[in-house]
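Breakdown of the fold
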Amino acid sequence: MPGTQSAIHRRRKSVPRRETQMAERGDETLVHTLKKVAAVLKQAEIPFALGGSFAVYAHGGHSSDHDVDFLIRGADVDRALEELTAAGFTAERPPEDWLVKVFDDDRMVDLIHRPIETPVTEETFGDTVIRPVDAIHMPVLSATQLMVHKLLSFSQHYCDFARGLPLARSLREQIDWERVRKETQHSPYAEAFLVLLDRLDVVPEAGPSGEKGTP
């Protein structure tokens, strides 16, 4: 019914308070750890951007993940670990060569310097917006870049579309879908996910010239 569809559309466009969304997840202690890491990086003047699920929440969206990710430059990894260790965190260098980890008791934070096999650069930090995270303002990766990172994380070893659907649905109006298509066009997994979004009427299908079709 037209009236029902309009009501659903209005509910979709309304963005709940970010603090409420985070509290609903029962992650108050994880948010506290996130704020501590951000404070240390700010104090040390180490450039960073919040990524992962908490970046999605900072934009007013939803995520199926449960993690704290910060993006930093590879050149800043050693200094970041030094500053965070001095602040009481425990540092770990895992076998994966694209990130390091710090722990606040049993709460883990990933410091990622090469997401999706692409080094973090000043251009990465240029693709951020300042958002409040539990009353602390910090640079947050753009909704478009979050979607790109999610799609390019899919592979033959990991392809859980259920992890990407909440992000796509809740942030769809903030995402530049043509840019997403362009930056993920080499991935068959990303292509399949975008077809799924089209079939679910989440985003319009791209036309033959690359322009969006009519919803």
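Below: a short report on this structure.

Reading the values: rules and limits
For every chain, the first residue of the written sequence is number 1, and numbering continues from 1 onward in sequence order. Given that this is a predicted model, residues contribute local features only at a pLDDT of at least 70 and side-chain atom pairs are listed and counted only at 80 or more, while totals for whole chains, interfaces and linings are drawn from all residues. For side-chain calculations, the full set of non-hydrogen atoms in the structure is used, while hydrogens and water are omitted. Lines fitted to C-alpha atoms define the axes, with helix axes restricted to the stretch in contact, and inter-axis angles between N-to-C directions lie between 0 and 180 degrees. Helix and strand definitions follow DSSP, with helices as H or I runs of at least four residues and strands as E runs of at least two, each counted in order from the N terminus. Crossing handedness is read from the near helix: turned anticlockwise from the far helix by less than a right angle, it gives a left-handed crossing, and turned clockwise, a right-handed one. In what follows, residue pairs with any heavy atoms lying within 4.5 Å of each other are defined as contacts. Three categories are distinguished: nonpolar for Ala, Val, Leu, Ile, Met, Phe, Trp, Tyr, Cys and Pro, charged for Asp, Glu, Lys and Arg, and polar for the others, with Gly belonging to the last. Here, a salt bridge means any side-chain nitrogen of Lys or Arg that lies within 4 Å of a carboxyl oxygen of Asp or Glu. Relative accessibility under 20% of the residue-type maximum defines a buried residue, over 50% an exposed one, and the middle range a partly exposed one, all with a 1.4 Å probe and only protein chains included.

1. Examining the packing of helix 7 (residues 143–152) against helix 9 (residues 177–184)
If you want to describe how two helices pack, look at the angle between their axes and the distance between the axes. Here helix 7 crosses helix 9 at 35 degrees, and the two axes come no closer than 10 Å. Helix 9 is crossed by helix 7, and the crossing has right-handed handedness. Only W177, R179, V180, E183 and T184 of helix 9 make contact with helix 7, whose side of the interface consists of T144, Q145, M147, V148, L151 and L152. Here the contact of helix 7 with helix 9 is built from residues that sort into 6 nonpolar, 3 polar and 2 charged.

2. Structural notes on the pattern of salt bridges
Two side chains bearing opposite charge may form a pair once their charged atoms approach each other closely. For the coordinates displayed, the defined rule picks out 15 salt bridges. Among the ionic pairs, D104 bridges to K36, the shortest N-O distance being 3.1 Å. Of this pair, D104 sits in strand 4 (residues 99–104) while K36 sits in helix 3 (residues 28–43), and the two are 68 residues apart along the sequence. A salt bridge links R179 to E183; its shortest N-O distance comes to 2.8 Å. Note that R179 and E183 are positioned in helix 9 at a spacing of 4 residues, about one turn of the helix. E183 gets classed as partly exposed once you look at its relative accessible area, which sits at 33%. Put simply, K36, D104, D105, D106 and R107 are held in one network by salt bridges that share partners.

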